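If you want the building blocks of each chain, they are given just below.
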Amino acid sequence: MLDTYGDTYGYEDKFYCTDNIRHAAEARIQKSDVTYNENYRAVIIVQQGSMNVRVNNTLLKLKTNDYLAILPYTNIEILWSRCKLISLKVSSYIMHDLYEQLGIDVGIREGFFTYKHYHLTPRQAAILTHDYEHIKQEILTDYKSMKEYMITARLGVYIAHQFSILSKLEPVSHDDNSEIGNIFNKFLTLLDQHYKQERSVQYYANELNIQPKTLSTATVRYTGKTASRVIDEYVVMRIKIVLYNNRHNIKEVSDMFNFASQSFFGRYFKRIVGCSPRKYVSTTSKKLSK
Amino acid sequence: MTRNTNRYIEDTIDRAKSVAKSTANFEDTIILYDSQTHRTDITSLYNLGKTYHLQDYLLLILMHGNLKMQVNNKEITLSTRSCIYIPAFSVMRIMIKSMETQFLLYRFGKIARTMSVNDLYMYDDRVSAENVYYKKLNDQEYNYLKTHYDELAEGINTREFKHRDIFVRSYNNILRIFITNLFEIDSEIKGDAISRQENLFRQFIELLNQYASKEREVQFYAKQLDITPKYLSTITNTYSGKNASTWIAEYVVTLAKQLMKEKHCKIQEVSVMLNFPSQSFFGRFFKRTAGISPKRYMLTELK
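Thresholds applied
- Residues numbered from 1 in each chain as written.
- Chains lettered and ligands numbered in written order.
- Predicted model: local features only at pLDDT ≥ 70, side-chain atom pairs only at ≥ 80, totals over all residues.
- Heavy atoms only, no water.
- Helix = DSSP H or I, 4+ residues; strand = E, 2+ residues; numbered from the N terminus.
- Buried < 20%, exposed > 50% of the residue type's maximum accessible area, 1.4 Å probe, protein only.
- Contact = heavy atoms within 4.5 Å.
- Areas by Shrake-Rupley, 256 points an atom, 1.4 Å probe, with all protein chains shown as cover.
- Pairing = 2+ DSSP bridges.
- Phe/Tyr/Trp six-rings, centres within 6.5 Å; stacked < 30°, edge-to-face > 60°.
- Lys NZ or Arg CZ within 6 Å of the ring centre and 35° of its normal.
- Polar contact = N/O pair within 3.5 Å; in protein donor to acceptor, adjacent residues only side chain to side chain.
- Core = buried A, V, L, I, M, F, W, Y, C linked by side-chain atoms within 4.5 Å.
- Salt bridge = Lys/Arg side-chain N within 4 Å of Asp/Glu carboxyl O.
- Axes fitted to C-alpha atoms, helices over the stretch in contact; angles between N-to-C directions.
- pLDDT = per-residue confidence, 0-100.

Student: Would you mind showing me how to read the overall build of chain B here?
Tutor: The number of helices and strands found in chain B is 14 helices and 11 strands. Buried residues in chain B amount to 49% of all 303 residues. Sequence separation of at least 24 residues holds for 68% of the intrachain contacts in chain B that already meet a minimum separation of 6. Accessible area for chain B stands at about 15,500 Å²; split by element, carbon and sulfur atoms hold 49% of it.

Student: Even after reading the chapter, I still don't get the overall build of chain A, so can you show me in this structure?
Tutor: Secondary structure assignment for chain A yields 10 helices and 7 strands. Looking at chain A residue by residue over its 290 residues, the buried ones come to 56%. Sequence separation of at least 24 residues holds for 72% of the intrachain contacts in chain A that already meet a minimum separation of 6. On chain A, roughly 12,800 Å² of surface is accessible, and the fraction owed to carbon and sulfur atoms is 48%.

Student: Just checking my understanding: could you explain the pairing of strand 4 (residues 58-62) of chain A for this structure?
Tutor: The side chains of a regular strand alternate, first on one face of the sheet and then on the other. Residue and element names in this part refer to chain A. The alternating pattern of strand 4 places Thr-58, Leu-60 and Leu-62 on a buried face, while none of Leu-59 and Lys-61, on the opposite face, is buried. Relative to strand 4, strand 3 (residues 40-55) is paired through 5 bridges, and the arrangement is antiparallel. Directly across from Arg-54, in strand 4, lies its bridge partner Leu-59. Hairpin connection of strand 3 to strand 4: 2 residues between the antiparallel strands, including Asn-56 at a positive phi of 45°.

Student: Help me understand the packing of aromatic side chains in this model?
Tutor: Centre distance and the angle of the planes are the two values used to describe a pair of aromatic rings. Inspection of the entire model under this criterion finds 30 aromatic pairs over all chains. Relative to A:Tyr204, the ring of A:Tyr203 lies with its centre 5.1 Å away and its plane at 90°, an arrangement referred to as edge-to-face. Joined through ring pairs, the aromatic side chains of A:Phe259, A:Phe264, A:Phe265, A:Tyr268, A:Phe269 and A:Tyr280 make up one cluster. Directly above the aromatic system of A:Tyr40 lies the positively charged group of A:Lys89, at a separation of 4.8 Å from the ring centroid. In this structure, B:Arg216 packs its charged tip against the face of B:Phe276, placed 3.6 Å from the ring centre.

Student: Before we go on, may I ask you to explain the side chain of B:Asp11 in this structure?
Tutor: All names here are of chain B. Along the chain, the position of Asp-11 falls in strand 1 (residues 9-11). Of the polar contacts made by the side chain of Asp-11, one reaches the side chain of Arg-15; its length is 3.0 Å. Apart from the residues lying within four places of it in its own chain, the contact partners of Asp-11 are Ala-16, Tyr-46, His-53, Leu-54, Gln-55 and Arg-107.

Student: I tried to follow the nonpolar core on my own but got confused; where do I start?
Tutor: If you look at soluble globular proteins, the nonpolar side chains tend to sit buried side by side. Ranked by internal contacts, the top residues of the largest apolar core, which has 113 residues, are A:Tyr67, A:Leu155, A:Tyr158, A:Phe187, A:Leu215, A:Ile239 and B:Leu152. When residues in this core are grouped by element, the largest group, 12 residues, is from helix 7 (residues 227-245) of chain A. For A:Tyr67, the residues in contact, after removing those within four places along its chain, are A:Val43, A:Ile44, A:Ile45, A:Lys116, A:His117, A:Tyr118, A:Leu120, A:Leu128, A:Tyr158, A:Gln162 and A:Leu166. Of all hydrophobic cores here, the second largest spans 34 residues; its members include B:Ile227, B:Tyr231, B:Val253 and B:Phe286.

Student: Sorry if this is basic, but what is going on with the pattern of salt bridges here?
Tutor: For side chains bearing opposite charge, pairing can occur when the charged atoms are close. With the rule as written, the count across this model stands at 19 salt bridges over all chains. Overlapping salt bridges, with partners in common, bring together B:Asp11, B:Arg15, B:Asp56 and B:Arg107 in one network.

Student: What is the right way to read the pairing of strand 5 (residues 57-64) of chain B from this model?
Tutor: Residue and element names in this part refer to chain B. For strand 5, the buried fraction is high: 7 of the 8 residues fall into the buried class. Bridge analysis of strand 5 against strand 10 (residues 102-108) gives 7 bridges, and the strand direction is antiparallel. By the bridge assignment, Leu-59 is partnered in strand 10 with Tyr-106. Taken together, the 5 bridges between strand 5 and strand 8 (residues 82-86) define a ladder with antiparallel strand orientation. Residue pairing in the sheet places Leu-62 in a bridge with Ser-82 of strand 8.

Student: Hey, could you run me through the sheet that holds strand 11 (residues 133-136) of chain B in this one?
Tutor: Either a parallel or an antiparallel arrangement is found when strands of a sheet pair, and the pairing is made through backbone hydrogen bonds. Residue and element names in this part refer to chain B. With antiparallel pairing, 6 strands are arranged side by side in an open sheet as 2-3-10-5-8-11. Of all the strands in the sheet, the pair left with one neighbour each is strand 2 (24-26) and strand 11. Strand-to-strand twist of the sheet, defined as the mean angle between neighbouring strand axes without regard to direction, takes the value 10°. Here helix 5 (residues 139-157) sits on the sheet and contacts strand 2, strand 3 (30-34), strand 5, strand 8, strand 10 and strand 11; the angle it forms with strand 3, its principal contact strand, is near 115°. Sitting on the sheet, helix 6 (residues 164-182) is in contact with strand 2, strand 3, strand 5, strand 8, strand 10 and strand 11, with an inclination near 110° to strand 10.

Student: Even after reading the chapter, I still don't get the confidence of the model for chain B, so can you show me in this structure?
Tutor: In low-pLDDT regions, the fine details of the predicted coordinates are not to be read closely. Residues and elements named next belong to chain B. Averaged over every residue, the pLDDT of chain B is 81; residues scoring 70 or more account for 85%. Looking across chain B, the model is least confident in helix 4 (residues 121-124), with a mean pLDDT of 51, and most confident in helix 5, with 93. Low pLDDT (under 50) marks residues 1-5, which in the prediction has 1 contact with non-local residues, meaning those over four places away or in another chain. Of the regions scoring below 50 in pLDDT, residues 188-194 engages in 10 contacts with residues more than four places distant in sequence or in other chains.

Student: I keep staring at the sheet that holds strand 7 (residues 74-78) of chain B and nothing clicks. Help me out?
Tutor: Residues and elements named next belong to chain B. Across the sheet, which stays open at both edges, the 5 strands sit in the order 1-4-9-6-7 with mixed pairing between neighbours. Edge positions in the sheet fall to strand 1 and strand 7, since each has one partner strand and no second. Strand-to-strand, the axes of this sheet are offset by a mean angle of 30°, without reference to chain direction. One ladder, built from 5 bridges, connects strand 6 (residues 67-71) with strand 7; its direction is antiparallel. Residue pairing for strand 7: Val-71 is matched across the bridge by Lys-74.

Listed below in structure tokens is the structure:
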């Protein structure tokens, strides 16, 4: 999203660093640029100035030293900006893998369709900016081997700082206390608990004691997607993470997510992703670096 | 009379902790010593003329002065701004040292190696005790090591650092990747590691010969080889560009084709001989791998 408005340094579709963003005051960003790519997690830290963004229909004003984490499938729209910022965008599969290796429990609602907003102290912002600069430096450095490991290790340092800093802070509350906002939040929590067993809108609507249509109204309002689409995308994202790790074969994954048969699983995956699970594994799963 | 001079002194962590004060210590797995913080001299850690049997990996950066040392019977002279990487289980002795030396010492144990992200340990496995790596550093390399040493020490010593363990692990990885690149350890000893993988690959093919008509699970073959399915796939990928399950599938289809072509077996018979639960399952398996159904294969190939 920000990529086209600043200087971006990337490595293999996995890590992107963006900074030096040009003033986007006049430029209302195209609708098609609005959504962060579903496969990425991103962090924005405002170094100086301020910006207004709309995240999942909530208006946020970011000011100097503000930190905004945007998780996959979150809608973000930049309304106005006059600021210096840094933005770190990492493939969500790499991130999940790293979390697992580092033994971090990402916890409920860390999956997608959400964001986290914090006010940092100048010192805290400086620490994270320092780590960001290191990651960027590694992306720019020519390595004889193990470049990805090096970037990942740098990311590990960043994560250590980020988690330590955020654990001491309370996120800025943007709770939408409207009835429909509550429905949406409860739905996401339920989905995170039951995605392995239940994929029908009917089930979730029943649990929430509402009509399926009401549930869809809520999801359309916050994500622009129907409830069934949200469920499908969430399930597929979870499947992709398991496939990316490449520790289970497709049959095992199919069972893990309670599909009636492997063939049904294959068709389900293909309908949403556009390619078969096998093909997906062969093109994107984690391989040993040379 | 015992002759102590011939004896090695075991360089345990307890010993190191008792002779000098460390700058930073992370759970006794990663310990930093240097001459700047506590005016520690390198010879108070490792006495002149005494021989030490190392238990951990050492990265020594000489900031100032000269050192002559013997590592695994090899004589090495280090001058200002040079660095030496000594693998665990080496035998080391400092022979001569100039009046003033300043150093940074990064010591990490076996546990630190297992904390690594990804398969970094595979590279470390190539560092054997016969190899000692040392070189004179250029400004960039020197500054890199110095800055990282300081940042790591600061991180370890920062109180209320909730995720210090993640920080230390990541830093340990950064330093080890840097060392690997600095000394080109990666390219140097690759041959050795490949032959081990190659051996496993051959064993896998042999197992396929033996079990293909009964077992089609990667898990089974990996278990026989005592490795993880993922590692098995990595090996087959390295040597053939295909993962293990593709290998197995293609092997089974080749067997099926042989049975049909040479022994003129019926599809039903082949399906039973190759231990498929049903003919329809065999048909789908065959079609997925070979691209055509067994029936069509028989019609076109065997005319």
